[in-house]
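# Coordinates in review
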Amino acid sequence: MNVRQKKLEMIEAMNRARALEPSSFVPNKLLDTLIEKMNLKNDAELCRVLEVQPPIISKIRHRKLAVGATILLRMHEKSDMSIRDLKDLSNASMH
C-alpha cells in the first residue's frame, strides 16, 4: 500500500468517526437559556452560580466538552429547570 492510499484510508476513518459524533449538540442555546432564566449577564456569572471554573463553560460553549451529568445536575439545581428540559435544550436542532 502506498502513502497516498494510506492517507485516503486515514481520511475515510476520520470521516467515519466524525459521523458518529453527536452533531445535534448545541450548547449555546442551553447556556444562553440558563443565563436568561437566571437573570445573569454573561458566562462569567453563570460560572459563579454553577460553581465551576470559567474554562468549563468556555469548553462547553465551543463544543470541546459535552455537558456531563455533574454539571447537568448543577444546572438543574440552580435553575429549577427539569433535567429533561436541559437535555432537550442541549440537543435542540440548529434549524
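Residues numbered from 1 in each chain as written. Predicted model: local features only at pLDDT ≥ 70, side-chain atom pairs only at ≥ 80, totals over all residues. Heavy atoms only, no water.

In the nomenclature of an unreviewed UniProt entry, the protein corresponds to XRE family transcriptional regulator from the organism Massilia atriviolacea.

Let us now look at the nonpolar core. Membership of the largest hydrophobic core comes to 19 residues, with the highest contact counts inside it found for Leu34, Leu46, Ile57 and Met75. In terms of residues, this core owes the most to one element, helix α2 (residues 27-37), which gives four residues. In this view, isoleucine 57 contacts Leu31, Asp43, Leu46, Cys47, Leu50, Val52 and Ile71; residues no more than four positions away in its chain are not counted. (Core = buried A, V, L, I, M, F, W, Y, C linked by side-chain atoms within 4.5 Å. Buried < 20%, exposed > 50% of the residue type's maximum accessible area, 1.4 Å probe, protein only. Helix = DSSP H or I, 4+ residues; strand = E, 2+ residues; numbered from the N terminus. Contact = heavy atoms within 4.5 Å.)

The next thing to look at is unusual backbone geometry. Its identity is not glycine, yet glutamate 51 carries a phi of approximately 60°, on the positive side. With respect to the helices and strands, glutamate 51 occurs in the loop between α3 (43-50) and α4 (54-61). A relative accessible area of 56% means that glutamate 51 is categorised as exposed. Within the chain, aspartate 80 stands out as a residue other than glycine whose phi angle is a positive 65°. Within the secondary structure, aspartate 80 is located in the loop between α5 (69-79) and α6 (83-90). Residue classification places aspartate 80 among the exposed residues on the basis of a relative accessible area of 68%.

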